[in-house]
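Chain by chain, the residues run as shown.
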Amino acid sequence: MAFCTKCGTQLPENAAFCPGCGVSVNPQFQQAPQEPNGQQPAYQVYAPVKKKVPGRGFGIASMVLGILGLMTALDMLESITYSAEYLQMQYVSGFWISFVITMAMYFSMPIMGCAFGAAAFKRGYRGAMAKAGITTGVIGLAVMALSLLLFALAIV
């Protein structure tokens, strides 16, 4: 007495096909065995699990702020001579207030780039983004210090 491997129906003697589901009874033409209810056996697929790296977000923020800080420092280096010439031509009453506010905003980006990079390192993230943020932040601070020195020399 034989049973169908797909649906479990009892097969008559010398049957070529199952009367229940029509599958070939000949072993060389049979498909992979299925569960008695007609479904393939369930196989569990393992997807790679992404590890959450602590401090990676700080590394990304460090890189972005460091690059923006360097860009603003280079822009400030270019425009600082024009500001000095403008200041020498005429006395501008509100210039110093806006100058101090602008410098505070410009200096905040590379400083925060360095700070976020340090926070990423403290949390154990040693990726290139944190290193790039610290590096560009330090270079941005150096360029800003140079531009302030040039500004001071230009107005004297």
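Just above sits the structure.
Residues numbered from 1 in each chain as written. Predicted model: local features only at pLDDT ≥ 70, side-chain atom pairs only at ≥ 80, totals over all residues. Heavy atoms only, no water.

Caption draft 1: Fine view of the environment of Val143. Among the structural elements, Val143 can be located in helix 3 (residues 128–155). Judged by its relative accessible area of 14%, Val143 falls in the buried class. Residues Val143 and Thr72, 71 residues apart in the sequence, show an inter-C-alpha distance of 9.6 Å. Those residues in contact with Val143, other than ones at most four positions away along the chain, are Ala73, Leu74 and Leu77. (Helix = DSSP H or I, 4+ residues; strand = E, 2+ residues; numbered from the N terminus. Buried < 20%, exposed > 50% of the residue type's maximum accessible area, 1.4 Å probe, protein only. Contact = heavy atoms within 4.5 Å.)

Caption draft 2: Inspection of the nonpolar core at higher detail. Core analysis: the biggest nonpolar cluster contains nine residues, these being Ala73, Met76, Ile80, Phe99, Met103, Tyr106, Val143, Met144 and Phe151. Among the elements of the structure, helix 1 (56–89), helix 2 (95–122) and helix 3 are those that each provide at least two residues to this core. (Core = buried A, V, L, I, M, F, W, Y, C linked by side-chain atoms within 4.5 Å.)

Caption draft 3: Examining the state of the cysteines more closely. All chains considered together, the criterion is met by zero disulfides. Cysteine Cys18 shares no disulfide, and the gap to the nearest cysteine sulfur, in Cys7, comes to 3.6 Å. (Disulfide = S-S within 2.5 Å.)

Caption draft 4: Structural context of the side chain of Ser147. Assignment of secondary structure puts Ser147 in helix 3. Setting aside anything within four residues of it in sequence, one finds Ser147 in contact with Met76, Leu77 and Ile80.

Caption draft 5: Spatial organisation of helix 3. Over its 28 residues, helix 3 extends 40 Å from the first C-alpha to the last, a length consistent with the 40 Å expected when each residue adds 1.5 Å. The complete set of buried residues in helix 3 reads Met129, Ala130, Gly133, Thr136, Gly137, Gly140, Val143, Met144, Ser147 and Phe151. (Expected span 1.5 Å × (residues − 1).)

Caption draft 6: Looking closely at the side chain of Thr136. Mapping Thr136 onto the fold places it in helix 3. Among the residues examined, Thr136 registers a relative accessible area of 15% and is labelled buried. Once residues within four sequence positions are removed from consideration, Thr136 is found in contact with Gly66, Ile67 and Leu70.

Caption draft 7: Quick peek at the environment of Arg56. Within the secondary structure, Arg56 sits in helix 1. The partly exposed category is assigned to Arg56, whose relative accessible area is 43%. Taking the C-alpha atoms as reference points, Arg56 and Gly124, 68 residues apart in sequence, are found 8.9 Å from one another.

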